[in-house]
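# Geometric and topological summary
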Amino acid sequence: MNLKKKSSSPAAKAGRQPSARPEDQRLSIGSSFAYGFQHVLTMYGGIIAPPLIIGAAAGMSSQDIGLLIAACLFVGGLATILQTVGIPFFGSKLPLVQGVSFAGVSTMVAIVHGGGGIQSVFGSVIVASLIGLAITPLFSKIIRFFPPVVTGTVITTIGLTLMPVAANWAMGGNSKAPNYGSVANIGLAAATMGIVLLLSKVGSSTISRLSILLAMIIGTAIAFVTGMADFSKVGQGEIVAFPTPFAFGPPTFHLAAIISMLIVILVTLTETSADIIAVGEIVGTKVDSRRIGDGLRADMLSSAVSPLFGSFTQSAFAQNVGLVAITGIKSRFVVTAGGVILVVLGLLPVLGRVVAAVPTPVLGGAGVVLFGTVAASGIRTLSKVEYRNNMNLIIVAASIGFGMIPIAAPAFYDQFPSWFGTIFHSGISSAAVMAILLNLLFNHLKAGNSDNQSVFVAGTGRVVREEDLKCLADGDRYEGGKLIDCDGKEVPVESSSKSDH
């Protein structure tokens, strides 16, 4: 009698059918949308944060921010469907969720504050994304200039540059409000942050993964009970609406903003390449240069089109790559279902207005953890960098320090030309430019390098010359500034100046 072994995996229970490639396996419609909704919940806090930050920086009303959030959800859904289903030359056909990238937030805020407004942001995203689309075939050659010492520095700086945003939110968001920085506001932010930490400790992996979203819901409920939340404007406006093209005005194009955004696009291409490779390893499928190219082209096409509907640069969400590993659900069609859910949510601007009505101190409490997680991800990348006998430490130190200048002193570049200020007023752009140039200088241009380049090299690892070791005998030791032999007698140390003669 021929017996078949029953599979007990989640995918098998869900009715998954056998397939040649793991990512092509299909689940039932109900299971696909259930697991897809889990992907949406995992990345929801990350996808709504950028439009909240950029909309607030542009001085938008809660209704306009609601439209901005709806547009980001809508475009993120379409980009996810393109990435997972794929068409010729576009889409990696892997379980990757797409959404607004955090990498460009601080740069976009800098463009807004530089006087270009939200229209200049849209224009810079369109042009920079089209350039990114054009260089995708060459990116496999360029990517070697973006090793972990560069990407880790940039990701760390992204998290650090967003911390002032979280602090401002925690204080109330509006510096002119009479309750700005009040104990009540900061207390609400602290309570929200505490809830995030407590939920993260809960034994349930589902609750832990949704800790940011659940904490925002609970924090908002506390604010509503205490009279700190105002939902009176949620009902103002349409409940269902298709995102209107150029709803916030036609895009404008400024060279400095485009150059600044192009740096963000290069970082985004690097991050998406890493995510494609990572999810390929998790799924257990072949990922070659052609597949990476298809994925990057989908990224850039989505980014170029997104400003037409009021959204920003699109990128793969790393947290959802982790979710694929945790759940073991490798089907790309599950993520496609999640993309459909995002599109539906994007057609509900009322939902965006609900999110926009969440009290800013609640966002601040969650933002401290959320933005801190971005910085921690960069630190984790930097921990894999080799620091011994090279100049990587000074690359990291100088780049992060340079990136922190506009954060520590916002008026630092006020006397510089406007184009220069637009590029370097963003901490992410400053750190990226410095990290790329220093990596080229120290790790690619070897001319002039020596074994003792600077104190930074010596500080990263001890080096003893081979000829010095040959002078030592078994049992010799160094005590109190003296070299003592195995018999306890001091060995005279000849100065270098004497030995040279």
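Heads up: these notes are all about the structure in this document. (Residues numbered from 1 in each chain as written. Predicted model: local features only at pLDDT ≥ 70, side-chain atom pairs only at ≥ 80, totals over all residues. Heavy atoms only, no water.)

Helix length check: helix α9 (residues 211-225) (15 residues) gives 21 Å between terminal C-alpha atoms against 21 Å at 1.5 Å per residue, within 8%. Restricting attention to buried positions, one finds in α9 the residues Ser 211, Ile 212, Leu 213, Ala 215, Met 216, Gly 219, Thr 220 and Ala 223. One or two steps after α9, the chain reaches Gly 227, where phi turns positive at roughly 80 degrees. (Helix = DSSP H or I, 4+ residues; strand = E, 2+ residues; numbered from the N terminus. Expected span 1.5 Å × (residues − 1). Buried < 20%, exposed > 50% of the residue type's maximum accessible area, 1.4 Å probe, protein only.)

Before going further, it helps to spend a moment on the sheet that holds strand β5 (residues 490-491). Strand order in the open sheet formed by 3 strands is β3-β4-β5, and the pairing between neighbours is antiparallel. The open sheet has two free edges, formed respectively by β3 (477-479) and β5, since each of these has just one partner strand. Pairing of β3 with strand β4 (residues 482-484) involves 3 bridges; the strand directions are antiparallel. Directly across from Tyr 478, in β4, lies its bridge partner Leu 483. (Pairing = 2+ DSSP bridges.)

Time to look at the packing of helix α10 (residues 255-283) against helix α11 (residues 289-309). In the contact formed by α10 and α11, the axes pass within 10 Å of each other and the chain directions differ by 135 degrees. With respect to α11, the axis of α10 lies oblique. Read as a crossing pair, α10 and α11 show a hand that is right-handed. For the pair α10 and α11, contact is made by Ile 265, Thr 268, Leu 269, Thr 272, Ser 273, Ile 276 and Ile 277 and by Ile 292, Gly 295, Leu 296, Asp 299 and Met 300, respectively. (Axes fitted to C-alpha atoms, helices over the stretch in contact; angles between N-to-C directions. Parallel < 35°, antiparallel > 145°, perpendicular 65-115°, else oblique. Left-handed = near helix turned anticlockwise from the far one by under 90°. Contact = heavy atoms within 4.5 Å.)

We note that Phe 89 has phi near 75 degrees; this positive angle belongs to a residue other than glycine. Residue classification places Phe 89 among the exposed residues on the basis of a relative accessible area of 53%. With a phi angle near 55 degrees, Lys 93 is a residue other than glycine that sits in the positive phi range. Positionally, Lys 93 belongs in the loop between α3 (62-85) and β1 (98-100).

Let us look at the environment of Ser 289. Relative to the helices and strands, Ser 289 is located in helix α11. Given the relative accessible area of 58%, Ser 289 is considered exposed. Linking Ser 289 and Ile 277, residues 12 residues apart in sequence, is a C-alpha distance of 9.9 Å.

Let's shift gears to the environment of Leu 301. Relative to the elements of secondary structure, Leu 301 occurs in helix α11. Put simply, Leu 301 and Leu 130 are 171 residues apart on the chain and 7.3 Å apart in space, counted from C-alpha to C-alpha. Other than its neighbours up to four places away in sequence, Leu 301 contacts Leu 82 and Phe 90.

This part is about the pattern of salt bridges. Pairing is possible between side chains that carry opposite charge, provided their charged atoms lie close to one another. Summed over all chains, the structure comprises 6 salt bridges. A salt bridge links Arg 332 to Asp 24; its shortest N-O distance comes to 2.7 Å. A residue pair is termed long-range when its members are at least 10 positions apart, and Arg 332 in helix α13 (residues 332-346) and Asp 24 in the loop between α1 (10-13) and α2 (29-57) qualify at 308 residues. Accessibility expressed as a relative area gives 18% for Asp 24, which makes it buried. Its salt-bridge partner being Asp 294, residue Arg 297 comes within 2.6 Å of it at the nearest N-O pair. (Salt bridge = Lys/Arg side-chain N within 4 Å of Asp/Glu carboxyl O.)

Counting residues in hydrophobic clusters, the biggest one holds 98 residues, and the most contacted among them are Tyr 44, Phe 102, Ile 158, Phe 312 and Phe 371. Not counting the four nearest positions on each side in its chain, Phe 312 is found in contact with Pro 51, Ile 54, Leu 68, Cys 72, Val 100, Met 108, Ile 118, Val 121, Phe 122, Val 125, Ser 303 and Ser 306. (Core = buried A, V, L, I, M, F, W, Y, C linked by side-chain atoms within 4.5 Å.)

Turning our eyes to something else, we now look at a nonpolar patch on the surface. On the surface, Ile 29, Phe 33, Val 340 and Val 344 cluster together into a nonpolar patch covering about 360 Å² of accessible area. When contributions to the nonpolar patch are tallied by element, the ones reaching two or more residues are α2 and α13. Considering the arrangement of structural elements, one finds Val 340 in helix α13. Take Val 340: its relative accessible area is 34%, and that puts it in the partly exposed class. (Patch = residues over 30% accessible without salt bridge, like charges linked within 9 Å, V, L, I, M, F, W, Y side chains within 5 Å. Areas by Shrake-Rupley, 256 points an atom, 1.4 Å probe, with all protein chains shown as cover.)

All told, the structure shown has 8 aromatic pairs when counted by the stated rule. On the basis of an interplanar angle of 75 degrees and a centroid distance of 5.2 Å, the ring pair of Phe 74 and Phe 242 is categorised as edge-to-face. One end of the pair, Phe 74, is in helix α3; the other, Phe 242, is in the loop between α9 and α10, with 168 residues separating them in the sequence. For Phe 74, a relative accessible area of 5% puts it in the buried group. Look at Phe 242 and you get exposed, because its relative accessible area is 53%. For the pair Phe 412 and Tyr 413, a centre-to-centre distance of 5.0 Å together with 80 degrees between the ring planes defines the contact as edge-to-face. Through a chain of ring-to-ring contacts, three or more aromatic side chains come together here, namely Phe 74, Phe 242 and Phe 309. Lying over the aromatic face of Phe 333, Arg 26 brings its terminal NZ or CZ to 4.0 Å of the ring centre. (Phe/Tyr/Trp six-rings, centres within 6.5 Å; stacked < 30°, edge-to-face > 60°. Lys NZ or Arg CZ within 6 Å of the ring centre and 35° of its normal.)

With 31 residues, helix α4 (residues 105-135) extends just 23 Å between its outermost C-alpha atoms, more than 12% less than the 45 Å of an ideal straight helix rising 1.5 Å per residue. Along α4, the largest kink reaches about 130 degrees and is centred on Gly 115. (Bend = angle between axes of the 7 residues up to and from the residue.)

Now for the packing of α3 against α11. The interhelical angle for the contact between α3 and α11, taken along N-to-C directions, is 155 degrees, at an axis separation of 10 Å. With respect to α11, the element α3 is oriented roughly antiparallel. Here the hand of the crossing between α3 and α11 comes out right-handed. Touching Ala 71, Phe 74, Val 75, Ala 79, Leu 82 and Gln 83 of α3 are Gly 295, Ala 298, Asp 299, Leu 301, Ser 302, Ser 306 and Phe 309, all from α11.

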